[in-house]
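This is what each chain is made of:
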Amino acid sequence: MDDLKGKYLGQIADAADEASLEAIRLAAVGKKGEVALKMRELGKMTPEERQVAGPQLNALKDEINSALAARKASLADAALEERLRTEWLDVTLPSRPARQGTLHPISQVTEEVTAIFAEMGFAVAEGPRIDTDWYNFDALNIPSHHPARAEMDTFYMHRKDGDNRPPHVLRTHTSPVQIRTMEEMGAPLRIICPGGVYRADYDQTHTPMFHQVEGLALDRDISMANLKWVLEEFFSAYFEIDGIKTRFRASHFPFTEPSAEVDIQCSWVDGQLRIGEGDGWMEVLGSGMVHPKVIAAGGIDPEVYQGFAFGMGIDRIAMLKYGIPDLRAFFDSDLRWLRHYGFSALDTPTLHGGLSR
Ligand code: DAH
């Protein structure tokens, strides 16, 4: 019995894991284990012998069982220790800021422009980027022979062979949205139409896709004076400089009469552009009183309603305000550029909260 005890207690102490402990348990105190076999031999003993051997066997069994339980507990402790050692995490480390996306300057400036005009009662209207030549040209008093069509470097959509209808175009300006909105809403009307436009042109200040914002105000008594006030309010708010002066130069657009190109006051100091000061001028948009034919094309009576319109490059005023030198970089999707010129997505531009920060 002492041999049995020595053998099993030694094995239990050496057991490396629960599986080998279980094997030892079966061999020692399982139903067919060595202790059970010895128990069976009790029957062949004399009563005197049995009285000695019985309790000794039971004591042996108890001792092996408690050694098994103790070893099992210490193996479990060791396993836990090992897990705690390897699955370690320093919860006191400072958090790493996640890479954040930014708002593209075009989106930012569109929001800024929208916030300013909204304050003056202008709603936002939208139209399709693929449009008919009627909306893009004819309705805006640009008939097919008109030189302005050639000047616009228009992208024409392909039609199937044998289909002789005039092709659709990628809109060359946001002016067609004037017509669509007049048709839809009638007059009086006060809208801006921001969005992408397309022309076949590519250099430092031209890309085949760029952005404009159109403005249109129609009522019974709207004049050029209203146009000038609205634009001066806009530029002062947009550039965040009080009292920016504008200069109206006589010009020509088929869809306005009279027409004017508008410059804002600026100066160049050491090659640096400063808006709103000095005696230089920078052209920023085209405008005028909406041509009666255009008002009629929009389904509104030009004998009753009149108004002003303007069209301005969003990318261009973004470059001016944020000092971005090359238009092409806007559309290169270069992450370094986007992080440098991008805006926090959470700072929505408002006139009361601040346009840009
Ligand atoms: N559509 C013109 C362009 O793309 C810009 C423009 C000029 C729009 C005068 C107007 C306007 O509404 O009155 O060059």
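Just so it is clear, the structure is predicted and the values come from calculations on it, not from any experiment.

**Some remarks on the domain arrangement of the protein**
Here comes step 1: As assigned here, the protein comprises domain 1 (2–87) and domain 2 (104–344).
Here comes step 2: The straight-line distance from the C-alpha centre of domain 1 to that of domain 2 is 91 Å.

**Looking at the UniProt feature "domain: Aminoacyl-transfer RNA synthetases class-II family profile" (unreviewed entry) in the protein**
Here comes step 1: Those places that UniProt annotates as "domain: Aminoacyl-transfer RNA synthetases class-II family profile" (unreviewed entry) correspond, in this numbering, to residues 107–349.
Here comes step 2: Along residues 107–349 the backbone is 29% helical and 30% strand, and the end-to-end C-alpha distance reaches 11 Å.

**Some remarks on the UniProt feature "binding site: Mg(2+)" (unreviewed entry) in the protein**
Here comes step 1: Here, UniProt's "binding site: Mg(2+)" (unreviewed entry) annotation points to E257.
Here comes step 2: In this structure, E257 is in contact with M289 and H291, ignoring residues within four places of it in sequence.

**Comments concerning the packing of aromatic side chains**
Here comes step 1: Taken as a whole and judged by the stated rule, the model has 14 aromatic pairs.
Here comes step 2: Seen in terms of ring centroids, F117 and F234 are 4.9 Å apart; in terms of plane orientation they differ by 15°. Their pairing is stacked. Taken together, the residues F117 in helix α5 (residues 105–119) and F234 in helix α9 (residues 224–239) connect sequence positions 117 residues apart. No difference in accessibility class separates F117 from F234, as the two residues are buried.
Here comes step 3: Between F330 and F331, the ring centres sit 5.9 Å apart and the planes meet at 35°, which makes this aromatic pair tilted.
Here comes step 4: A residue is classified by how much of its surface remains accessible, and F330, at 2% relative accessible area, is buried.
Here comes step 5: Aromatic rings pair up to connect F117, F122, F234, F235, Y238, F239, F308 and F310 into one cluster.

**Here we look at the site of the ligand**
Here comes step 1: The full set close to the ligand counts 15 residues, and H173, S175, R199, Q212 and E214 are the nearest of them.
Here comes step 2: Between S175 and the ligand, the recorded distance is 3.0 Å, taken from a side-chain N or O atom to a nitrogen atom.
Here comes step 3: Contacts to the ligand include E214, whose side-chain N or O atom sits 2.5 Å from an oxygen atom.
Here comes step 4: A total of 350 Å² of accessible area belongs to the ligand in isolation, and the protein chains cover 90% of it.
Here comes step 5: Going through the elements one at a time, β5 (209–219), β9 (280–290) and β10 (306–313) are the ones with two or more residues in the shell around the ligand.
Here comes step 6: For the shell around the ligand, a count of residues per class yields four nonpolar, nine polar and two charged.

**A closer look at the pairing of strand β7 (residues 256–269)**
Here comes step 1: Of all 14 residues in β7, ten are buried, a share of seventy percent or more.
Here comes step 2: Inspection of the sheet shows strand β6 (residues 246–253) paired to β7 by seven bridges, in the antiparallel sense. Bridge pairing in β7 links S251 to S259.
Here comes step 3: Between β6 and the antiparallel strand that follows it, β7, lie two residues.
Here comes step 4: Alignment of β7 against strand β8 (residues 272–275), held across four bridges, turns out to be antiparallel. Note that in β8 the partner of S267 across the bridge is R274.
Here comes step 5: The turn linking β7 back onto β8 is made up of two residues, and D270 within it adopts a positive phi angle of 50°.

**Things to note about the side chain of T207**
Here comes step 1: Structurally, T207 can be placed in the loop between β4 (189–198) and β5.
Here comes step 2: Side-chain polar atoms of T207 contact the backbone oxygen of M209, separated by 2.6 Å.
Here comes step 3: Residues contacting T207, with those up to four places away along its chain left out, are R199, D201, Y202, L327, R328 and F331.

Here is what the cut-offs are and how they apply
Residues numbered from 1 in each chain as written. Predicted model: local features only at pLDDT ≥ 70, side-chain atom pairs only at ≥ 80, totals over all residues. Heavy atoms only, no water. Domains from an automatic or database assignment. UniProt positions renumbered as here; feature names shortened; annotations may be inferred. Helix = DSSP H or I, 4+ residues; strand = E, 2+ residues; numbered from the N terminus. Contact = heavy atoms within 4.5 Å. Phe/Tyr/Trp six-rings, centres within 6.5 Å; stacked < 30°, edge-to-face > 60°. Buried < 20%, exposed > 50% of the residue type's maximum accessible area, 1.4 Å probe, protein only. Near = heavy atom within 4 Å. Polar contact = N/O pair within 3.5 Å; in protein donor to acceptor, adjacent residues only side chain to side chain. Areas by Shrake-Rupley, 256 points an atom, 1.4 Å probe, with all protein chains shown as cover. Nonpolar A, V, L, I, M, F, W, Y, C, P; charged D, E, K, R; others polar. Pairing = 2+ DSSP bridges.

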